[in-house]
Amino acid sequence: MQIVSVNIGRPQLVARGGRTYSTSINRHPVTGPVHVTLEGFENDRVSDRSVHGGPDKAICCYSHEHYPFWQERLRHEMPVPSFGENLTTDGMLETDICIGDTYRIGSATVQVSQPRQPCAKLAGKHEEPRMIPWVWEEGFSGFYFRVLDTGAIGAGDAVELVSRPHPDLSIVRMLRLKRDVQLSDDLRERLVNLPELAASWRDAFRGKVMGE
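Along each chain, residue indices are assigned from 1 in the same order as the chain's sequence is written. Confidence filtering applies because this is a predicted model: local features only for residues at pLDDT of at least 70, side-chain atom pairs given and counted only at 80 or more, and all residues used for totals across whole chains, interfaces and linings. Think of the side-chain values as coming from all heavy atoms in the structure, minus any hydrogens and water.

Enquirer: Any chance you could break down the overall build of the chain for me, citing the residues and the numbers?
Expert: Assigned secondary structure in the chain consists of six helices and 15 strands. Along the first, second and third principal axes, the C-alpha set of the chain runs to 50 × 45 × 30 Å. Only protein chains enter the accessibility calculation, which uses a 1.4 Å probe. A residue is then buried if its area is under 20% of the maximum for its type, exposed if over 50%, and partly exposed in between. Among the 212 residues that make up the chain, the fraction classed as buried is 49%. Of the contacts formed within the chain by residues at least 6 apart in sequence, a portion of 74% connects residues at least 24 apart. Secondary structure elements follow DSSP: runs of H or I of four or more residues count as helices, runs of E of two or more count as strands, with numbering from the N terminus. Residues are treated as being in contact if the distance between any of their heavy atoms lies within 4.5 Å.

Next comes the structure, spelled out in structure tokens:
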């Protein structure tokens with residue numbers, strides 16, 4: 001596992017579909033190690049803190065292995081970071097990465113907190129409204145890190161797995177569970193009280209209907 005690119009951005013106004021909105025999705029690669037705080041990379045900013053950023057979503061990650069699929073599906077070039085991710089990764093697929101996974105990258109320690117959910121701004125960036133259901137369908141969502149120990153991360157850094165407390169809770173499985181109408185009582189209780197899972201996801205599972 002390795003970091004392909006570190007990507008930084010700030011809010012900018014974008015005009016699409018007859019409306020203008022603020023977004024940080026148009027990030028750009030940077031060279032050299034970049035310091036990461038508990039809130040994310042220095043000099044990186046999100047446009048709407050009600051849905052982006054914060055300690056549970058400090059670093060957005062997306063797999064470089066997915067790029068060929070999307071380039072063929074969307075029929076246009078996709079330079080990194082076409083998904084607005086902070087870290088473009090290699091060897092970190094949603095089928096393998098699990099909630100609570102802790103990694104050492106550069107001099108920082110990070111932990112997987114939740115899947116990334118596709119949004120309208122991602123669809124707008126690629127001018128493809130079907131992007132959102134396609135991401136859910138393929139499971140190519142990406143995921144977020146919270147920062148446990150601050151440090152610096154750079155392109156080319158190795159990603160070292162430190163611990164995996166929940167090997168049955170892959171990102172792909174979590175995406176499926178988020179859309180399930182019902183959960184078993186035991187699983188729901190587990191997810192609601194899972195400290196490694198982002199607070200917003202714990203709240204979402206708290207509102208799920210209990211199984212019979």
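Enquirer: Quick rundown of the sheet that holds strand 7 (residues 59-63)? Include the residues and the values.
Expert: Reading across the sheet, the eight strands line up as 4-1-8-7-11-10-9-13 and stay open at both edges, with mixed pairing between neighbours. Two strands in the sheet have a free side with no partner beyond their single neighbour: strand 4 (28-30) and strand 13 (159-163). Across the sheet, the axes of successive neighbouring strands diverge by a mean angle of 40°, strand direction being ignored. Here, any two strands with at least 2 DSSP bridges between them count as paired. Note: strand 7 against strand 11 (residues 143-149), three bridges, orientation antiparallel. If you follow Cys60 over to strand 11, its bridge partner there is Tyr144. Lines are fitted to the C-alpha atoms to define the axes, a helix being fitted only along its stretch in contact, and any angle between axes, read from their N-to-C directions, falls within 0 to 180 degrees.

Enquirer: How would you explain the state of the cysteines if you had to name every residue and give the values?
Expert: Working definition: a disulfide is two cysteine sulfur atoms within 2.5 Å of each other. What the rule picks out here adds up to zero disulfides. Here Cys98 stays free of any disulfide, with the sulfur of Cys61 as its closest cysteine sulfur at 14 Å. Under the relative-accessibility criterion, Cys98 is labelled buried at 2%.

Enquirer: Now, about the packing of aromatic side chains: what can you tell me, with residues and values included?
Expert: Two measures describe an aromatic ring pair: the distance that separates the ring centres and the angle between the ring planes. Pairs were defined over the aromatic rings of Phe, Tyr and Trp, the Trp ring being its six-membered one, requiring ring centres within 6.5 Å. Orientation was assigned from the angle between planes: stacked under 30 degrees, edge-to-face over 60, tilted for the rest. The full count for this structure, using the stated rule, is 10 aromatic pairs. An angle of 80° between the planes, with centres 5.0 Å apart, marks the rings of Phe69 and Trp70 as edge-to-face. Taking the relative accessible area as the measure of exposure, Trp70 reaches 0% and is therefore buried. Taking 5.4 Å as the distance between ring centres and 75° as the angle between the ring planes, the aromatic pair formed by Phe143 and Phe145 counts as edge-to-face. Take Phe143: its relative accessible area is 1%, and that puts it in the buried class. Members of the aromatic cluster, each reached through a chain of ring pairs, are Tyr62, Tyr67, Phe69, Trp70, Phe83 and Phe140.

Enquirer: So what about the nonpolar core? Which residues, and what values?
Expert: Take the buried residues of types Ala, Val, Leu, Ile, Met, Phe, Trp, Tyr and Cys, join any two whose side-chain atoms come within 4.5 Å, and each joined set is a nonpolar core. Ranked by internal contacts, the top residues of the largest apolar core, which has 37 residues, are Ile59, Phe145 and Ile153. The leading source of residues in this core is helix 4 (residues 171-179), at four residues. Apart from the residues within four sequence positions on either side, Ile153 is in contact with Ile3, Val6, Gly32, Pro33, Val34, Val36, Phe41, Ile59, Leu87, Ile105 and Ala108. Grouped together as the second largest cluster of nonpolar side chains are 13 residues, Tyr67, Trp70, Phe83 and Met131 included.

Enquirer: Describe the pattern of salt bridges, naming the residues involved and giving the relevant values.
Expert: Salt bridges are defined as contacts in which a side-chain nitrogen from Lys or Arg sits within 4 Å of a carboxyl oxygen from Asp or Glu. Applying the stated rule across the entire model yields eight salt bridges. Measuring nitrogen to oxygen at the nearest pair gives 3.6 Å for the salt bridge that ties Glu138 to Arg73. With Glu138 in helix 3 (residues 131-138) and Arg73 in helix 1 (residues 67-74), this residue pair connects regions lying 65 residues apart in the sequence. A network of salt bridges, in which partner residues are shared, links Asp168, Arg173 and Arg190.

Enquirer: Summarise the pairing of strand 5 (residues 34-37); cite the residues concerned and give the values.
Expert: Of the two faces of strand 5, the one holding Val34 and Val36 is buried and the one holding His35 and Thr37 is not buried anywhere. When strand 5 meets strand 12 (residues 151-153), the two strands line up antiparallel, connected through three bridges. Residue pairing for strand 12: Val34 is matched across the bridge by Ile153. Taken together, the two bridges between strand 5 and strand 6 (residues 40-41) define a ladder with antiparallel strand orientation. Looking at the pairing, Thr37 lines up with Gly40 of strand 6. Remark: two residues form the turn of the hairpin made by strand 5 and strand 6, two consecutive strands paired antiparallel.

Enquirer: Quick one: what's the story with helix 4, residue by residue and with numbers?
Expert: Residue pairs three or four apart in sequence face the same way in an α-helix, which turns once every 3.6 residues. Among all positions in helix 4, only Ile171, Met174, Leu175, Leu177 and Lys178 are buried. Down the axis of helix 4, the smallest arc covering the buried residues is 165°, so these residues share one side. Directions drawn from the helix axis to the C-beta atoms are what define this arc.

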